Amino acid sequence: MPGTPAWVQGLFNYNGQHVPVLDISLLATGQPAAARLSTRLVLVHYTPAGQATQLLGLVVEKATDTLRCDPADFSHSGLSNEDAAYLGPVLRRDDGLIQRINVQDLLDASVQTLLFPEAASA
């Protein structure tokens, strides 16, 4: 798609629905996610501004566990990055840090329109 950022990796079909896929590593660091067994495609619910909830695929690295965490256990990372508002607070664990991704802050209005044209015109 012309004008689509490089971190938008394409679409896949999930139960008859076209689902856009974002490479979170490429978005956050400029380097694509490594092709490893621990790199996963995670489906999340995303709600474009004023529209119905849509599915969004996120390619994430080192996704080896599923956790339920209390949001109160996360704390500010100490870094401020206005260009990456989607990077939320962190949870410190013995095995490292887990950074929360604010899904609603991933896409600006222009990318929302590119990825969800039906929702934008509804």
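Conventions and cut-offs
- Throughout this description, residue numbers start from 1 for each chain and increase along the sequence as written.
- Owing to the predicted nature of the model, reporting of local features is limited to residues with pLDDT of at least 70; listing and counting of side-chain atom pairs is limited to 80 or more, with chain, interface and lining totals taken over all residues.
- With hydrogens and water set aside, each side-chain value is computed from the structure's full complement of heavy atoms.
- By definition, any uninterrupted DSSP run of H or I lasting at least four residues is a helix, any uninterrupted run of E lasting at least two residues is a strand, and each is numbered from the N terminus.
- Note on exposure labels: buried denotes an accessible area under 20% of the residue type's maximum, exposed denotes more than 50%, and partly exposed covers the range between, all computed with a 1.4 Å probe on protein chains only.
- Contacts are residue-level and defined by heavy atoms, with any inter-residue pair within 4.5 Å sufficient.
- Points on a 1 Å grid over protein atoms alone make up a cavity when a 1.4 Å probe fits among them but cannot get out, and a pocket when they form an open set with protein on both sides within 12 Å along at least five of seven lines; lining residues each have an atom within 4 Å of a point.
- Grid points are joined across faces, edges and corners, and a volume is the space filled by probe spheres set on the points.
- Here the term charged refers only to Asp, Glu, Lys and Arg, the term nonpolar to Ala, Val, Leu, Ile, Met, Phe, Trp, Tyr, Cys and Pro, and the term polar to all other amino acids, Gly among them.

## Thoughts on the environment of Lys-62
So, point 1. Its location among the elements puts Lys-62 in the loop between strand 4 (54-60) and strand 5 (87-93).
So, point 2. For Lys-62, a relative accessible area of 65% puts it in the exposed group.
So, point 3. Once residues within four sequence positions are removed from consideration, Lys-62 is found in contact with Ser-38 and Thr-39.

## Let's talk about unusual backbone geometry
So, point 1. The residue Asn-15 is not glycine, and still its phi comes out positive at about 50°.
So, point 2. Here Asn-15 shows up in the loop between strand 1 (8-14) and strand 2 (17-23).
So, point 3. Under the relative-accessibility criterion, Asn-15 is labelled exposed at 71%.
So, point 4. Phi at Lys-62 takes a positive value of approximately 55°, unusual for a residue other than glycine.

## Re the layout of surface pockets
So, point 1. In this structure, the largest pocket spans a volume of roughly 1400 Å³.
So, point 2. Lining the largest pocket are 30 residues, with Val-60, Glu-61, Ile-98, Gln-99 and Ile-101 positioned closest to its centre.
So, point 3. When residues in the lining of the largest pocket are grouped by element, the largest group, 6 residues, is from strand 6 (residues 96-101).
So, point 4. Partitioning the lining of the largest pocket into residue classes produces 17 nonpolar, 7 polar and 6 charged.
So, point 5. If you add up the space inside the second largest pocket, you get close to 260 Å³.
So, point 6. Around the second largest pocket, the lining comprises 14 residues; the ones closest to its centre are Ser-77, Leu-79, Leu-87, Gly-88 and Gln-99.
So, point 7. Of all the elements, strand 5 adds the most residues to the lining of the second largest pocket, at 5 residues.
So, point 8. Classifying every residue of the lining of the second largest pocket gives 7 nonpolar, 6 polar and 1 charged.

Everything listed here is a matter of geometry and, on its own, says nothing about what the molecule does.
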